[in-house]
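Reading the structure
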There are 2 protein chains.
Amino acid sequence: MMKISINRQYFIDQLNHSLKAISPTTTTPILHGIKLEVTEDELILVSSNSEISIEITIPTEIDNEEILEIHQTGAVVILGRFFVEIIKKLDGDFVHIESTSGNTTTISSGKSKYDLQTYDANQYPLLPDVNNENAVTFPASILKNIINHTVFAVSTSETRPVLTGVHLESHEDGLNFTATDSHRLSFRKLEDSSYSLGELTAVIPGKSLIELNKIIADSDETVEVYFSQNQVLFTYRNIRLISRLIEGKYPDTSRFIPTNFETSFTVSKQEFYHAIDRVSLLARESRSNQAVKLIVQDGQVRVSSQSAEIGFADEDVNVNNLEGNDFKIAFHAKYMLDALKSIQDDEVSVQFSGEIRPFIITPIESDEITQLIVPIRTY
Amino acid sequence: MMKISINRQYFIDQLNHSLKAISPTTTTPILHGIKLEVTEDELILVSSNSEISIEITIPTEIDNEEILEIHQTGAVVILGRFFVEIIKKLDGDFVHIESTSGNTTTISSGKSKYDLQTYDANQYPLLPDVNNENAVTFPASILKNIINHTVFAVSTSETRPVLTGVHLESHEDGLNFTATDSHRLSFRKLEDSSYSLGELTAVIPGKSLIELNKIIADSDETVEVYFSQNQVLFTYRNIRLISRLIEGKYPDTSRFIPTNFETSFTVSKQEFYHAIDRVSLLARESRSNQAVKLIVQDGQVRVSSQSAEIGFADEDVNVNNLEGNDFKIAFHAKYMLDALKSIQDDEVSVQFSGEIRPFIITPIESDEITQLIVPIRTY
């Protein structure tokens, strides 16, 4: 049926990627499994859930070092998480996997031997086909960067499914990425016509991007991306990750981003982050709405929060280039902390259009990123 | 009311000890707090729950370095976990704590300022008095060792409260410590008459020993222990930990420990541990009783487990000095792993009195420790 020996440490690394497409809550038993398909010259691992599928191709040699010995071709589906735990616990440099009958596979290494119930590989669903049109290639580091700038702002609620994804809009000069849960919004531009996909738009599930982000390294390696009607395919090293796209019309968010400002300042990102983190301790402890207040008065910016049960916290923030009217506003601490965390720059600009209007945070040296937060009306 | 400045890092370390006596589930609001009592020359931190109380004394100087400045004496009770989180988040080497009115305390450092609701220190309960009779002094490392050998085996069920503690029995040649949840038992001897407390017996709550174990370092420092009727006091460095003792008659466990054996072997502790850990993966996954089977046959020891849903695992174990009859037995994997983990020695002896009788694991080079496990009847 199938018989291989494989370098254990290399196999663990690949299986850890493969697990990212296994959902512990799936109700289709075979999807708890990883399909191992052994051909004449490679081993293919397949895992899948309703959102994503991952296909990993393992060759027999890497850099002239043998990592896989193929004794007999064939295929089998083995319970995923459990299988990986076994491979991790074993000792020995190589593990031996042999499937003799239709429903038992033996895993052995050293003196340990496991006989596991397995599924018939013919029952495993076929992966969707994604054709090679609409292709774009990113350096892995840029794709990671885009994901980190946007994905935290997608909605986690299924009431408007389209908001659980990141919206990609292509135009002739490049790509725009938007994520919003309707309380805050992240907007990322990639202005480089070599990335243009014409008029294409797509909504990629946030969860798929989070798993992709765990797999790709912050490096110069390339990630190729292919869009078809309902699917997107990412290829990276020996890994193919296919995600469904979310159907439905994404809202026109561009009109939400304010362009006229009444009050603004620039501030050290670190200092602002820590000040809000500290005062928000109180907001977090209280069972109220996690509101942090920001007051601009007499040339001074102060952040504060309070909890009836615990007390009051405040802190002055050193800002630069303060312009505009005295002013006060309240916002969710978490939204501000998430937005600041997503920006790498040392100095950010914070711009307000009014006490009940959304406000924006941007790096001062680039217009690539806009983080928008809807205030809380507490005053 | 009270006003101090204190070295922040030193204070965090002391507060972390203090937190160990704060139970998040207490229904007495003031016991969520830590009492800060400032005298002319020291700060005393007091925290307490129904099981233990901790009193920590902080001097103004340590090794000629000032760690505490006392501006005004007084006392206040501040919400514990929250207070420690604030102190951790602040920057600056020193924090300033000032209690001006009866119910507000100001904590400040750098530009940050917190005004916290606080409790009246007069409302804080008095700690129990423990007199200085029945004293014994341990090197911290030996006390840790005794705790590690026994405390994991106490019962976590309140149906027989006396089993939730470690039983100390003094005799003229030293001390015996026993813990059992009725499925397994740990017995530790300390044969040295200098530790003798006469005829004293006491049952110390397992939870108190676990917290004590986190506070004391594995070192030559001393821990003094004082027993009174209902309380035990441990003093270590600048810390006093008082625990209630558990009332009730501890069962006579000595008769459970077998002394005649039918089958026995010695084995590398590491190898045995890992073999059982590996095969028990299956036992753990299945919702059944976590049984691992051990078979002695034709001079060979084999451990195995199975799960109807997943499969079968087995592994041969290299043992030495195998004596006695062919034999099979089943036991909880966790009990065996816990017992082996508690023993530092490289080689252990495993001795069986019959397939349905408790069996014991001991280090081969000492009779200080006996770990007993009650088998599962599955055959």
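Looking up chain A in an unreviewed UniProt entry gives the name Beta sliding clamp, with the organism given as Aliicoccus persicus.

Turning our attention to the overall build of chain A. Scanning chain A from terminus to terminus reveals six helices and 28 strands. For chain A, the spread of C-alpha atoms along the three principal axes comes to 80 × 50 × 40 Å. Taking all 379 residues of chain A together, 55% fall into the buried category. Once local pairs closer than 6 in sequence are excluded, the contacts in chain A between residues at least 24 apart make up 67%. Total accessible area on chain A stands at roughly 17,100 Å², and carbon and sulfur atoms take up 43% of it.

On to the interface of chain B and chain A, then. Every contact between the two is made by 32 residues of chain B and, on the other side, 32 residues of chain A. Between chain B and chain A, roughly 2,800 Å² of surface is buried when both sides are summed, and carbon and sulfur atoms account for 50% of that area. Contact with chain A buries area across many residues of chain B, yet B:Lys111, B:Arg278 and B:Leu281 alone supply 23% of it, more than any other trio. Put simply, chain B and chain A have six salt bridges between them. Residue A:Asp91 is joined to B:Arg278 by a salt bridge in which the shortest nitrogen-to-oxygen separation is 3.8 Å. Connecting chain B to chain A are 17 residue pairs in polar contact (both at pLDDT 80 or more). Only α2 (80-89), β11 (112-119), α5 (269-285) and β23 (311-317) of chain B provide two or more residues apiece to the side of chain B that touches chain A. Top contributing element to the side of chain B that touches chain A by residue count: α5(B), with eight residues. When the residues that make up the side of chain B that touches chain A are grouped by side-chain class, the tally is 13 nonpolar, four polar and 15 charged.

What follows concerns the pattern of salt bridges. Tallied over the full model, the rule gives 34 salt bridges over all chains. For A:Asp277, the salt bridge goes to B:Lys89, with nearest N and O atoms at 2.7 Å. In this pair, A:Asp277 sits in helix α5 (residues 269-285) while B:Lys89 sits in helix α2, so the two residues belong to two different chains. Note on B:Lys89: relative accessible area 27%, which makes it partly exposed. When the shortest N-O distance is used, the salt bridge between B:Arg302 and B:Asp316 registers 2.8 Å. In this pair, B:Arg302 sits in strand β22 (residues 300-307) while B:Asp316 sits in strand β23, placing the two residues 14 residues apart along the sequence. By relative accessible area, which is 22% here, B:Asp316 ends up partly exposed. Taken together, the salt bridges that share partners define one network made up of A:Asp181, A:Arg184, A:Lys334 and A:Asp338.

So, about the relation of the copies chain B and chain A. It takes a turn of 180 degrees to lay chain B on chain A, together with a shift of 0.0 Å along the axis; the resulting RMSD is 0.0 Å. The transformation relating the two chain copies, once decomposed into turn and shift, fits a two-fold axis.

A few words on the sheet that holds strand β27 (residues 359-363) of chain A. Residues and elements named next belong to chain A. On the basis of which strands lie adjacent, the open sheet formed by nine strands has the order β16-β13-β14-β15-β28-β27-β26-β20-β24 and antiparallel pairing. The sheet is open, and its two edges are formed by β16 (201-205) and β24 (319-324), each paired on a single side. Strand-to-strand twist in this sheet, taken as the mean axis angle between neighbours without regard to direction, amounts to 15 degrees. Across four bridges, strand β26 (residues 347-352) lies against β27 in antiparallel orientation. Within β27, the position partnered with Val350 by the bridge is Ile361. Where helix α4 (residues 206-215) meets the sheet, it contacts β13 (165-171) and β16, and its direction lies at approximately 70 degrees from that of β16. Sitting on the sheet, helix α6 (residues 333-342) is in contact with β15 (184-191), β26, β27 and β28 (369-373), with an inclination near 175 degrees to β28.

To continue, consider the packing of aromatic side chains. The final tally for this structure, using the stated rule, is 14 aromatic pairs over all chains. Centroid distance A:Phe265 to A:Phe272: 6.0 Å. Interplanar angle 85 degrees. Geometry classified as edge-to-face. With a centroid separation of 4.8 Å and 45 degrees between ring planes, the pair formed by B:Phe327 and B:Phe352 is classed as tilted. Residue B:Phe327 is located in strand β25 (residues 327-332), and its partner B:Phe352 is located in strand β26 (residues 347-352); the two are separated by 25 residues in the primary sequence. Taking the relative accessible area as the measure of exposure, B:Phe327 reaches 5% and is therefore buried. Residue B:Phe352 is classed as buried on the basis of its relative accessible area of 0%. Within the aromatic cluster, the residues linked to one another by ring pairs are A:Phe265, A:Phe272, A:Phe327, A:Phe331, A:Phe352 and A:Phe359.

In helix packing, the relevant descriptors are the interaxial angle and the interaxial distance, both defined with respect to the helix axes. Residues and elements named next belong to chain B. Contact geometry of helix α3 (residues 140-150) with helix α4 (residues 206-215) gives a least axis separation of 10 Å together with a crossing angle of 140 degrees. If you check the angle between α3 and α4, you find them oblique. Taken as a pair, α3 and α4 cross one another with a handedness that is left-handed. Two secondary-structure elements touch here, α3 through Leu143, Lys144, Ile147 and Asn148 and α4 through Leu209, Leu212 and Asn213.

Attention now goes to a negative patch on the surface. Residue and element names in this part refer to chain A. On the surface, a cluster of negative charge is contributed by Glu172, Asp173, Glu191 and Glu199. Positionally, Asp173 belongs in the loop between β13 and β14 (174-180). Judged by its relative accessible area of 44%, Asp173 falls in the partly exposed class.

Take the domain arrangement of chain A next. All names here are of chain A. Here chain A is described as being made up of domain 1 (2-123), domain 2 (135-254) and domain 3 (257-373). Between domain 2 and domain 3, the C-alpha centre-to-centre distance is 27 Å. With 14 residues of domain 2 in contact, the opposing surface of domain 3 contributes 14 residues. Carbon and sulfur atoms supply 47% of the area that domain 2 and domain 3 bury against each other, a total of about 1,300 Å² over both sides. Counting the contacts that link domain 2 with domain 3 gives three salt bridges. Here Lys189 makes a salt bridge to Asp367, at a shortest N to O gap of 3.3 Å. If you look at where domain 2 meets domain 3, you find ten residue pairs in polar contact (both at pLDDT 80 or more).

Okay, the side chain of B:Ser342 next. Considering the arrangement of structural elements, one finds B:Ser342 in helix α6 (residues 333-342). Discounting residues that sit within four places of it in the chain, B:Ser342 has contacts with B:Asn148, B:His149, B:Phe152 and B:Gln371.

Residues and elements named next belong to chain B. With antiparallel pairing, the nine strands of this open sheet are ordered in space as β16-β13-β14-β15-β28-β27-β26-β20-β24. Since the sheet does not close on itself, it has two edges, and those belong to β16 (201-205) and β24 (319-324), each with one partner. Put simply, the sheet's adjacent strands are angled 15 degrees from each other on average, direction ignored. Contacts from α4 reach β13 (165-171) and β16 within the one sheet, and its direction differs from that of β16 by about 70 degrees. On top of the sheet, α6 reaches β15 (184-191), β26, β27 (359-363) and β28 (369-373); it is set at about 175 degrees to β28, its chief contact.

Calculation rules
Residues numbered from 1 in each chain as written. Chains lettered and ligands numbered in written order. Predicted model: local features only at pLDDT ≥ 70, side-chain atom pairs only at ≥ 80, totals over all residues. Heavy atoms only, no water. Helix = DSSP H or I, 4+ residues; strand = E, 2+ residues; numbered from the N terminus. Buried < 20%, exposed > 50% of the residue type's maximum accessible area, 1.4 Å probe, protein only. Contact = heavy atoms within 4.5 Å. Areas by Shrake-Rupley, 256 points an atom, 1.4 Å probe, with all protein chains shown as cover. Buried area = accessible area lost by both parts, 1.4 Å probe. Salt bridge = Lys/Arg side-chain N within 4 Å of Asp/Glu carboxyl O. Polar contact = N/O pair within 3.5 Å; in protein donor to acceptor, adjacent residues only side chain to side chain. Nonpolar A, V, L, I, M, F, W, Y, C, P; charged D, E, K, R; others polar. Least-squares fit on C-alpha atoms with pLDDT ≥ 70 in both. Pairing = 2+ DSSP bridges. Axes fitted to C-alpha atoms, helices over the stretch in contact; angles between N-to-C directions. Phe/Tyr/Trp six-rings, centres within 6.5 Å; stacked < 30°, edge-to-face > 60°. Parallel < 35°, antiparallel > 145°, perpendicular 65-115°, else oblique. Left-handed = near helix turned anticlockwise from the far one by under 90°. Patch = residues over 30% accessible without salt bridge, like charges linked within 9 Å, V, L, I, M, F, W, Y side chains within 5 Å. Lys, Arg positive; Asp, Glu negative; His and termini not counted. Charge placed at Lys NZ, Arg CZ, Asp CG, Glu CD. Domains from an automatic or database assignment.

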